[in-house]
Each structure stands twice: as C-alpha cells, then as structure tokens.
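Chain by chain, the residues:
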Amino acid sequence: MKLNHHNHGGLTIAGLFVLLFPLLFPCLFKPLGHASPSTFSEWNAPKPKHLRLLKSALQRETQSDLWMPLANQGWKPCVESTTASALGEESQGYIQVFLDGGLNQQRMGICDAVAVAKILNATLVIPHLEVNPVWKDSSSFMDIFDVDHFINALKDDISIVKELPNEFSWSTREYYGSAIRATRIKTAPVHASANWYRENVLPILQSYGIAAIAPFSHRLAFDNMPKDIQRLRCKVNFQALVFVPHIKSLGDALVNRLQYPRGSEIVDNKYLREATDAKAKQGVGKFVILHLRFDKDMAAHSACDFGGGKAEKLALAKYRQVYGGEARISTLRKLFPLMEDKKSLASAVERAHIKGKASMLAAVDYYVSLHSDIFISASPGNMHNAMVGHRTYQNLKTIRPNMALLGQLFLNKSMSWSDFHQQVLDGHKNRQGQLRLRKPQQSIYTYPAPDCMCDS
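Residues numbered from 1 in each chain as written. Predicted model: local features only at pLDDT ≥ 70, side-chain atom pairs only at ≥ 80, totals over all residues. Heavy atoms only, no water.

Visitor: Even after reading the chapter, I still don't get the overall build of the protein chain, so can you show me in this structure?
Guide: On a plain count of helices and strands, the protein chain comes out with 19 helices and 15 strands. The buried share of the protein chain, taken over its 456 residues, is 50%. In the protein chain, the share of contacts with a sequence separation of at least 24, taken over all contacts with a separation of at least 6, comes to 79%. (Helix = DSSP H or I, 4+ residues; strand = E, 2+ residues; numbered from the N terminus. Buried < 20%, exposed > 50% of the residue type's maximum accessible area, 1.4 Å probe, protein only. Contact = heavy atoms within 4.5 Å.)

Next up, the structure:
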C-alpha cells in the first residue's frame, strides 16, 4: 500500500496511526466473529474506531518537518574488500544452495551463499529458489534478478556459473529429494560459523567436486566473521542484487505516478499515460510506503484458533478483507485522498507480467519501497528487516511505530487530538531512520553498520 500525502506532515503520521491501530493491536478489540479469537470468521464490516480523534484529525491542518530527508549521520557505505582478490587460486568445487521462504528471506540466503563460496574458495552455482507452498510461485533467480549484473558485480570476489557443467548435471533438486546423497549437506546449523563450513563442507567439495546445501536459510552466523566476508555479504545485498528490467520499469512507473499523482490518466482502460506538461508545472511530490504485513501465509501459519468449518474457509479465501476491507480503507481515504496501490497505479496490461507471481510482486514492492520518501512497517518481518537495512545503508527515512506508546494512547479514551498529536510526534522523533549499530547476533542485513559502513 502506498500513501501519497505531502502537505501536512504532522497530520500524516498521527492520523495514520489512528487508522492503523486495529491492525497494530488487534488483541485490544472484541472478536469480530463467533469463532474467538479468530479474526477470519464471518462478520459485518466494523465501524471506524476512535471516531472522535478521527474527526479532529480531519478538521486540523498542521505543519512539520516530516518530509525533510535525514541529515548526514556521519556514516557512508563501505563494501569493497580490504585485501587483494584470491580468484587466482583453483576452485575447490561447486556449491549449490536451495533457498526456501519468501523473496526477502531468499535474498538474504543468496548473500550468505556468496559468502560461503568465498569462505570455501568454491564456485557458486546460481541459487535455486524453492517454490513456496503457500504462494506457489515458481519464479527462478533469473526471472527476478539480473543474473549478468550479479555475476559481473562479483567477478573480482568469487566465481559464479549459471548452471553446472555436464559432468555434474545429475546434481538436481529431484536427485536430492529421492534418497540420501553423499554430496548433500542437510545438517548445517542455524548461524553456523565459517569454521563449520571449512570442517564439514570443504571435505565433501574436495572429494566429490560438488556440495549441495539444503536447507540453507539463516545458515551463516553474523558474529565472528572476517571483515571482508561481512562486506561481501553487503556488497551482494546492496549492489549485486538488482531486479530484471521489466520489474524495474514497472517500479519506476509506479514511483513516477506517486510523485506526480495528478499527471496520469487512463487511456482506453488499458494504459496509464503521464501528462508531462502537467508534471513540469506541479513539481515532484512526496510519498509514504506503508507495509501492513498481513498476508495469507501469515493467516495460514498463525497461532490463532480459527475454529474450522465453512466460515473459516470462506474467510481465508477472502483474506484481503481483513479488518473491514474497503469499509476500513474508505475511512482511511478521508485522511489520505491520494492513497494508491498497484492496481490503482498500473493497468491490468502493465501488471500482466507479475500477475499471480508472488515473488515478482514482492520485488516490485521492494523496489518502490526503497525509492519512497518514507517507509513505515506495521510489523517486523523479512520485508521490514530487509528494507530497514537497505534504507539505513542509503540514509533514508524509515519510521518504526512505537507500539508501546500507541497502545497507551489509544487506551486513553479521553485524550484530546492536540495531546494525541503531540505525543505521537514526540514519541517518534528518534524512530525515523536514525542509524543504530548492529549488536551481537543481530542481522547484518537489518543493521549494516558498522560492518558495512565507515565513518564519513
């Protein structure tokens, strides 16, 4: 979801939380159906919560520096190796990895795979992206990422091949799924050390010329790693992994239409065309990306007691109507009349390449989110973590909702709008992208400093 609103910064942040509260704290509301505590049972569209605050928000206009970009925080990207390349040495063999999870989890796995190949002085085979059992998207690495750019960007760091040579053509996902194989490593611990790979994977490489690691998600530690390995992981994440042209083109179009909301028009209900003259007069607008993180895989794997039966099946089939669907969104539109999503910004023809492709849709979301003026995530997750890290690396504003504060504010039913507004602003002054250094065991992909950033 994208919110384009560049006139009243203070109203934007405080008003947004008025509408988001049922999403951020669903447990504070009564069950919406008879199958408590399920929020997916059959129910009538709810009325907007906190109407008094909502009405006050609609009547007030406030100014703030919300849209101001972050000031220089004294850090700059540092991902180049501090030592000479060792590619002159003979490769120990081929490394294959099979990555499960969603796109952002797979993205981190790709970065780790490059690091493991470097640790072992091995040749990396372009990673295999498993089909997620919920999303059922069979898109490959090459369908999403620019593979030639990926190989070229890392040519001085490791050797990468698109596919195995004929002598190893037998090493496939199907081969490893049919029996126990000597070349498969399935016991890699979560957050394994570099030494673990040297002791357990390198001997297999040297004996067979190939090693396949599955599962591989979160299988490389973040602590006690050589500086060059840490920097290489960030180089992959922030430089080598770029999306294929058609994803970038659609992403650029969406960004453009968010920046110039009145400069687009639908032509024959098929194509969206920018009115360049209007753009030149209007100037570039600001926009917020809001990531709600309530997807059908969360519903499928949550700990809620859904109760079963026909009501649950119907509700899960209509999971996008959670918390009132358009009834809730219509209230939100009163505060944000320029609210958009992919369907409102791009025609069906433009979206044809990504229709039904969850990973490609996630790639477009990632691209547009990275180019937003402000990114807000309602709940931590892989998308949140990846975006926080990437925007930290580029010194971009990212607002982290203060859940504890918001919970207290919304429980106070007598609070006036002016008090609510001020407390929201005060409570988020230091939650707008200020750089935080990585602590032990934290992910380098969420907190790239100080491993991948230097004092400027």
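Anyway, onward from the coordinates.
Visitor: Mind showing me how you'd approach the environment of tryptophan 170 here?
Guide: The residue tryptophan 170 is located in the loop between strand S6 (159-161) and helix H6 (173-178) in this model. Apart from residues lying up to four places away in sequence, tryptophan 170 is in contact with Tyr175, Tyr176, Thr183 and Ile210. Engagement of the side chain of tryptophan 170 in a polar contact is seen with the backbone oxygen of glutamate 167, the distance being 3.0 Å. (Polar contact = N/O pair within 3.5 Å; in protein donor to acceptor, adjacent residues only side chain to side chain.)

Visitor: Would you mind showing me how to read the confidence of the model for the protein chain here?
Guide: Detailed conclusions should not be drawn from predicted coordinates in areas where pLDDT is low. Mean pLDDT over the protein chain stands at 83; residues scoring 70 or higher make up 75%. Here residues 22-43 is modelled with pLDDT under 50, and outside its nearest four sequence neighbours on either side it reaches 50 contacts, counting other chains as well. Considering only residues more than four positions removed or in separate chains, one finds that residues 301-306, a stretch of pLDDT under 50, has ten contacts. (pLDDT = per-residue confidence, 0-100.)

Visitor: Would you explain the pattern of salt bridges in this entry?
Guide: Think of it this way: side chains of opposite charge can pair up when their charged atoms draw near. This structure, assessed with the given rule, holds eleven salt bridges. Ionic pairing is found between arginine 173 and glutamate 130, a salt bridge with its closest N-O pair at 2.4 Å. One end of the pair, arginine 173, is in helix H6; the other, glutamate 130, is in the loop between strand S5 (128-129) and helix H4 (141-144), with 43 residues separating them in the sequence. A network of salt bridges, in which partner residues are shared, links Glu80, Asp157 and Lys235. (Salt bridge = Lys/Arg side-chain N within 4 Å of Asp/Glu carboxyl O.)

Visitor: Just to check I follow, could you spell out empty space enclosed by the protein for this structure?
Guide: One simple way to see leftover space: roll a probe sized like a water molecule over the atoms. Tallied over the full model, the rule gives two cavities of 30 Å³ or more. The calculated volume of the largest cavity comes to roughly 120 Å³. Together, 13 residues line the largest cavity, and Val388, Thr392, Gly433, Gln434 and Arg436 are the ones closest to its centre. Taken together, the residues of the lining of the largest cavity sort by class into five nonpolar, five polar and three charged. (1 Å grid on protein atoms, 1.4 Å probe; cavity = no way out; pocket = protein on both sides within 12 Å on 5 of 7 lines; lining within 4 Å. Points joined across faces, edges and corners; volume = space filled by probe spheres on them. Nonpolar A, V, L, I, M, F, W, Y, C, P; charged D, E, K, R; others polar.)

Visitor: What's the story with the packing of aromatic side chains in this structure? I'm lost.
Guide: The relation between two aromatic rings is expressed through the spacing of the ring centres and the mutual angle of the planes. The tally for this structure, following the rule as stated, stands at 14 aromatic pairs. Between phenylalanine 98 and tyrosine 176 the ring centres are 6.2 Å apart and the planes differ by 65°, which places this aromatic pair in the edge-to-face class. Placement of phenylalanine 98 in strand S3 (residues 94-99) and of tyrosine 176 in helix H6 is noted, with a sequence separation of 78 residues between them. In this structure, phenylalanine 98 and tyrosine 176 share a single accessibility class: buried. Here phenylalanine 141 and phenylalanine 145 contribute two aromatic rings whose centre-to-centre distance is 5.2 Å and whose plane-to-plane angle is 50°, an arrangement assigned as tilted. (Phe/Tyr/Trp six-rings, centres within 6.5 Å; stacked < 30°, edge-to-face > 60°.)

Visitor: Help me understand the side chain of arginine 400, please; the structure alone is not making it clear to me.
Guide: Looking at the secondary structure, you find arginine 400 in the loop between strand S14 (397-399) and helix H18 (403-411). The buried charged residue arginine 400 lacks any salt bridge partner; its closest oppositely charged side chain belongs to aspartate 426, at an N-O distance of 15 Å. What arginine 400 contacts, discounting residues up to four positions off in sequence, is His428, Asn430, Arg431 and Arg436. (Lys, Arg positive; Asp, Glu negative; His and termini not counted.)

Visitor: Just checking my understanding: could you explain the pairing of strand S11 (residues 288-291) for this structure?
Guide: Along S11, one buried face is formed by Val288 and Leu290 and the opposite face, lined by Ile289 and His291, is buried too. Bridging between S11 and strand S13 (residues 374-377) involves four bridges; their strand directions are parallel. By the bridge assignment for S13, isoleucine 289 is matched with phenylalanine 375. (Pairing = 2+ DSSP bridges.)

Visitor: Teacher, can you tell me more about the environment of arginine 400 here?
Guide: Look at arginine 400 and you get buried, because its relative accessible area is 17%. Put simply, arginine 400 and isoleucine 376 are 24 residues apart on the chain and 6.4 Å apart in space, counted from C-alpha to C-alpha.

Visitor: Got a minute to help me understand the state of the cysteines in this structure?
Guide: Each disulfide is one covalent bond, formed between the sulfur atoms of two cysteines. This structure, assessed with the given rule, holds two disulfides. With a sulfur-sulfur separation of 1.8 Å, cysteine 78 is cross-linked through a disulfide to cysteine 454. Residue cysteine 78 is located in the loop between strand S2 (75-77) and S3, and its partner cysteine 454 is located in strand S15 (residues 453-455); the two are separated by 376 residues in the primary sequence. Of the two residues examined, cysteine 78 and cysteine 454, each falls in the buried class. Here cysteine 234 is linked by a disulfide to cysteine 452, with a sulfur-sulfur distance of 2.0 Å. Its S-S torsion of approximately 75° makes the covalent link between cysteine 234 and cysteine 452 right-handed. Placement of cysteine 234 in helix H9 (residues 227-240) and of cysteine 452 in the loop between helix H19 (417-427) and S15 is noted, with a sequence separation of 218 residues between them. Taken in N- to C-terminal order, the disulfide-linked cysteines of the protein chain are connected 1-4, 2-3. (Disulfide = S-S within 2.5 Å.)

Visitor: Just to check I follow, could you spell out unusual backbone geometry for this structure?
Guide: The phi torsion of most residues other than glycine is negative, and most of the peptide bonds are trans. Residue proline 215 is bonded to the preceding alanine 214 through a cis peptide linkage, with omega at 0°. Structurally, proline 215 can be placed in the loop between strand S8 (210-213) and H9. In this structure, asparagine 121 takes a positive phi of about 50° despite not being glycine. One non-glycine residue with positive phi stands out, namely glutamine 441, at about 75°.

Visitor: Help me understand the pairing of S8, please; the structure alone is not making it clear to me.
Guide: Consecutive side chains along a regular strand alternate between the two faces of the sheet. Here S8 shows two buried faces, one formed by Ile210 and Ala212 and the other by Ala211 and Ile213. Alignment of S3 against S8, held across four bridges, turns out to be parallel. Paired with tyrosine 94 across the strands is isoleucine 210, a residue of S8.

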